[in-house]
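Below are the chains, spelled out letter by letter.
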Amino acid sequence: GKVLQVVSATISTTASSTAASYADTGLTASITPSSTSNKILVLIQQNGVAKQSANTAVNIKILRDSTEIGGTDAGKNIGYTSSTAHNFIGNGFSCSVLDAPSSTSALTYKTQFLNTNGSGTAYVQVDNGTSYITLMEISAW
């Protein structure tokens, strides 16, 4: 398999949430595969993850369009302290996913985050920390 194309994007705008529902982090990139048999290697570095003022934490998920393809495992909360203490995690979440979308249409990959308990405030890119996404189209073997 050869790398056929690479697309990358960054964001350093703080996003916050006080709700126990997934919200966009702003980290997104699009790619159009040249063949339905090719795969997309998705590399994520979600930085500036933090929680403040409540016994909560942060979960991250990766989506291709509206389909979840990866993220934190259930119960693996980022920044959990079992207290109301503020917790800043500089490099909060990194992940790689080899996706097989079987498509030649434009695909949008993004991350979303969740304030696990819906209390206090959860953040990504806090203090304008920069997050990264890289998409690589890999040719079929």
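Refer to the structure printed above.
Residues numbered from 1 in each chain as written. Predicted model: local features only at pLDDT ≥ 70, side-chain atom pairs only at ≥ 80, totals over all residues. Heavy atoms only, no water.

A. Summary view of the overall build of the protein chain. The number of helices and strands found in the protein chain is zero helices and twelve strands. Each helix (α) and strand (β) of the protein chain, taken in turn from the N terminus, gives the series β-β-β-β-β-β-β-β-β-β-β-β. For the protein chain, with 141 residues in total, the buried portion stands at 45%. A separation threshold of at least 6 residues defines the contact pool for the protein chain, and within that pool the share at least 24 residues apart is 83%. Summed over all atoms, the accessible surface of the protein chain reaches about 6,500 Å², with 45% contributed by carbon and sulfur. (Helix = DSSP H or I, 4+ residues; strand = E, 2+ residues; numbered from the N terminus. Buried < 20%, exposed > 50% of the residue type's maximum accessible area, 1.4 Å probe, protein only. Contact = heavy atoms within 4.5 Å. Areas by Shrake-Rupley, 256 points an atom, 1.4 Å probe, with all protein chains shown as cover.)

B. How the structure looks around the nonpolar core. Ranked by size, the top nonpolar core spans 22 residues in total, and within it Val42, Ile44, Ile62, Tyr109, Phe113, Ile133 and Leu135 carry the most contacts. Residue assignment for this core shows that the elements contributing at least two residues are strand E3 (23-31), strand E4 (39-46), strand E6 (58-64), strand E9 (93-99), strand E10 (107-115), strand E11 (121-124) and strand E12 (131-138). (Core = buried A, V, L, I, M, F, W, Y, C linked by side-chain atoms within 4.5 Å.)

C. Looking closely at the side chain of Thr121. Note that Thr121 resides in strand E11. Judged by its relative accessible area of 17%, Thr121 falls in the buried class. Contacts of Thr121, omitting those with residues within four sequence positions, involve Ser16, Ser17, Thr18, Ala50, Lys51, Gln52 and Asn115.

D. How the structure looks around unusual backbone geometry. A positive phi angle, near 50°, is found at Asp65, a position not held by glycine. Under the relative-accessibility criterion, Asp65 is labelled partly exposed at 39%. One non-glycine residue with positive phi stands out, namely Asn128, at about 60°. Mapped onto the elements of the fold, Asn128 is located in the loop between E11 and E12. Given a relative accessible area of 51%, Asn128 falls into the exposed group.

E. Spatial organisation of the sheet that holds E10. Strand order in the open sheet made by the four strands is E3-E10-E6-E7, with antiparallel pairing throughout. The open sheet is flanked by E3 and strand E7 (67-71), the only strands paired with a single partner. Across the sheet, the mean angle from the axis of one strand to that of its neighbour is 25°, orientation sign disregarded. Strand direction decides the pairing type here: E3 and E10, joined by six bridges, are antiparallel. Residue Ser30 lies in a different strand from E10, and its bridge partner there is Thr108. (Pairing = 2+ DSSP bridges. Axes fitted to C-alpha atoms, helices over the stretch in contact; angles between N-to-C directions.)

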